[in-house]
Amino acid sequence: METLTVALGDRSYPIHVGRGLIESAELLVLRQPKAAIVSNTTVAPLYLQRLADPLRRAGVEVVEMVLPDGERFKDWRTLNSIFDGLLERRCERSTTLIALGGGVVGDITGFAAACFQRGMPFIQVPTTLLAQVDSSVGGKTAINHPLGKNMIGAFHQPQLVLADTDTLNTLPDRELRAGLAEVIKYGLIRDLPFLEWLEANLESLLSREPTVLAEAICRSCRNKAEVVVADERETGERALLNLGHTFGHAIETGVGYGEWLHGEAIAVGSMMAAELSSQLGWIDRDELLRVEQLFRRAGLPVYGPALKVERYLELMQHDKKVQDGKLRLVLLQQLGKAVLSDAAPPAEIRRAIGARSAHA
Ligand code: NAD
Ligand code: GLY
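The rules behind these values
Residues numbered from 1 in each chain as written. Chains lettered and ligands numbered in written order. Predicted model: local features only at pLDDT ≥ 70, side-chain atom pairs only at ≥ 80, totals over all residues. Heavy atoms only, no water. Axes fitted to C-alpha atoms, helices over the stretch in contact; angles between N-to-C directions. Helix = DSSP H or I, 4+ residues; strand = E, 2+ residues; numbered from the N terminus. Parallel < 35°, antiparallel > 145°, perpendicular 65-115°, else oblique. Contact = heavy atoms within 4.5 Å. Near = heavy atom within 4 Å. Polar contact = N/O pair within 3.5 Å; in protein donor to acceptor, adjacent residues only side chain to side chain. Areas by Shrake-Rupley, 256 points an atom, 1.4 Å probe, with all protein chains shown as cover. Nonpolar A, V, L, I, M, F, W, Y, C, P; charged D, E, K, R; others polar. Buried < 20%, exposed > 50% of the residue type's maximum accessible area, 1.4 Å probe, protein only. Pairing = 2+ DSSP bridges. Expected span 1.5 Å × (residues − 1). Bend = angle between axes of the 7 residues up to and from the residue. Phe/Tyr/Trp six-rings, centres within 6.5 Å; stacked < 30°, edge-to-face > 60°. Lys NZ or Arg CZ within 6 Å of the ring centre and 35° of its normal. Left-handed = near helix turned anticlockwise from the far one by under 90°.

Here we come to the packing of helix H9 (residues 262-279) against helix H10 (residues 285-297). Interaxial distance between H9 and H10 falls to 9 Å at its minimum, and their mutual angle equals 175°. In terms of orientation, H9 and H10 fall into the roughly antiparallel class. Residue-level inspection shows Ala267, Ser270, Met271, Ala274, Glu275 and Ser278 of H9 in contact with H10, the latter providing Arg285, Leu288, Val291, Glu292 and Phe295.

This is how it looks when you write it as structure tokens:
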């Protein structure tokens, strides 16, 4: 097991990464001997009892809640069902809420933890690659609104992240590839040696070699932890973690939540950002093709859906980085170095979207 720390003073917490951790009740230090585990209809049959049974044997009262599976359920209605369950089962402010699943379960459970009785302790047990490398770390929690992704949410840091890499063995290939989009992101925005390592190790990652997967997860989490520690509330550097997200969220909302996986939308969004960076002369054509090649090798899309450019622009106006009505985008100043910029003229933004869209 490797343990990293998100160093946030008295809210610091560990990220444990390793095999078979889900059954290690002793790692879950609870404030009171009651916990509520939130999972979904896909993950619960696979892992809920493996997490709950050791806790019960250790004397913890465990409440179980199983949500419907899917991005389209990351909404008010499902959130409210968590509150119903917590109240009906007499959970208290000091009960620990545990999210067991991918980023959808993690985001909605984290938001429930932020709101219930004005905030309760919260643990992330991520079971997708995307959640282990990104969404479980850093305290961003949210639900979607029909007009925009992750529009309603709160910052609420977990007390612990427990990433059991064995859980990735049951993850469908498409979901594994979607997770790689966020892994590649760290290389592109701030870690060129990691990008080169990914280029050299992609096949091993796709074939789920445990040591290579664990290294990718740890290097990703180290990058994420460093950024979160420097800028927890996204007043600056943290925005760079959103490479491709302004375009990607427009895709997810535009085609309907769940049609495109988040990671797939982020891959295309990152290509749009790279295309725009190349149009501005910040990266050259060879570098653009190098980025494209890596996403292609990861089995990720590099062209967006048949969504009109105007529709992109309309949806992108809801982005959280819009300031005084002005769009700010994360672009690549060079490979391994991203910047938040409003330098791109609207015509160039349109051109980049058009160049990376199927039939726009
Ligand atoms: P997801 O949570 O929908 O999980 C993907 C699918 O895999 C689901 O069907 C799920 O039930 C299934 N699954 C999960 N673990 C499994 C396992 N071990 N074996 C078999 N099936 C399993 O999707 P995701 O990609 O994990 O997360 C995407 C979400 O994360 C999006 O809503 C996105 O907005 C959010 N996100 C949040 C942050 C953040 O900082 N909070 C960062 C990135 C993404
Ligand atoms: N995934 C973006 C962030 O955590 O800031």
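This part is about the site of ligand 2. Residues in contact with ligand 2, as listed here, are Asp134, Lys140, Lys224, Glu234, Arg238, Leu241 and Asn242. Within the contact set of ligand 2, a nitrogen atom lies 3.3 Å away from a side-chain nitrogen or oxygen of aspartate 134. A distance of 2.6 Å separates an oxygen atom of ligand 2 from a polar atom in the side chain of lysine 224. Contact with the protein chains hides 90% of the accessible area of ligand 2, taken as 200 Å² for the molecule alone. Residues of the shell around ligand 2, tallied by class, amount to 1 nonpolar, 1 polar and 5 charged.

The subject of this paragraph is unusual backbone geometry. The backbone phi angle of arginine 90 is positive, close to 55°, even though this residue is not glycine. Its location among the elements puts arginine 90 in the loop between helix H2 (76-88) and strand S5 (96-101). We note that glutamine 117 has phi near 45°; this positive angle belongs to a residue other than glycine. Its place among the elements puts glutamine 117 in the loop between helix H3 (103-115) and strand S6 (122-126). By relative accessible area, glutamine 117 is classed as partly exposed at 35%.

Next up on the list: the site of ligand 1. As a matter of local geometry, ligand 1 sits amid 28 residues, with Asp69, Lys74, Thr127, Thr128 and Lys149 nearest to it. Asparagine 40 is positioned with one of its side-chain polar atoms (N or O) 3.0 Å from an oxygen atom of ligand 1. Expressed as a share of its isolated accessible area of 870 Å², the protein-covered part of ligand 1 is 91%. For the shell around ligand 1, a count of residues per class yields 7 nonpolar, 11 polar and 10 charged.

Moving on, we come to the sheet that holds strand S3 (residues 34-40). Strand order in the open sheet made by the 7 strands is S1-S2-S9-S6-S5-S3-S4, with mixed pairing throughout. Only two strands of the sheet have a single neighbouring strand rather than two, namely strand S1 (2-6) and strand S4 (61-67). Averaged over all pairs of adjacent strands, the angle between strand axes in this sheet comes to 15°, irrespective of strand direction. Bridge count for strand S2 (residues 13-18) against strand S9 (residues 160-164) is 4 bridges, and the pairing is parallel. Across the sheet, residue isoleucine 15 finds its bridge partner in S9, namely valine 161. Docked against the sheet, H2 engages S3, S4 and S5, running at close to 155° with respect to S4. In the packing of H3 onto the sheet, contacts are made with S3, S4, S5 and S6, and the angle to S5 comes to roughly 165°.

The α-helix advances 3.6 residues per turn, and as a result positions three or four apart in sequence lie on the same side. With 15 residues, helix H1 (residues 43-57) extends 21 Å between its outermost C-alpha atoms, agreeing within 8% with the 21 Å of an ideal straight helix rising 1.5 Å per residue. The largest bend along H1 reaches roughly 25° and is located at glutamine 49. When we look at burial in H1, the residues that qualify are Val43, Ala44, Tyr47, Leu48, Leu51, Ala52, Pro54 and Leu55. Immediately beyond the C-terminal end of H1, within one or two residues, lies glycine 59, with a positive phi of roughly 95°.

This part takes up the packing of aromatic side chains. Overall, the coordinates contain 2 aromatic pairs when judged by the stated rule. Seen from their ring centres, phenylalanine 83 and phenylalanine 116 are 6.5 Å apart, and the 15° between their planes marks the pair as stacked. Remark: phenylalanine 116 occurs in the loop between H3 and S6 and phenylalanine 83 occurs in helix H2; sequence separation between them is 33 residues. Just as phenylalanine 83 is buried, phenylalanine 116 falls in that class too. Ring centres of phenylalanine 194 and tryptophan 197 lie 5.8 Å apart, and the angle between their planes is 25°; this geometry places the pair in the stacked category. Of this pair, phenylalanine 194 and tryptophan 197 both sit in helix H6 (residues 192-206), 3 residues apart, which is roughly one turn of the helix. Phenylalanine 194 gets classed as buried once you look at its relative accessible area, which sits at 0%. Stacked on the ring of tyrosine 186, the Lys or Arg lysine 185 has its end atom at 5.1 Å from the ring centre. Note that arginine 356 overlies the ring of tyrosine 303, its terminal NZ or CZ placed 4.8 Å from the centroid.

One way to put it is that H6 packs onto helix H7 (residues 210-230) with a least axis distance of 10 Å and a crossing angle of 150°. Accordingly, the angle class assigned to the pair H6 and H7 is roughly antiparallel. Where H6 crosses over H7, the two elements pack in a sense that is left-handed. The segment H6 lies against H7, with Pro193, Phe194, Trp197, Asn201, Ser204 and Leu205 engaging Val212, Leu213, Glu215, Ala216, Arg219, Ser220 and Asn223. Residue classes in the contact of H6 with H7 are distributed as 7 nonpolar, 4 polar and 2 charged.

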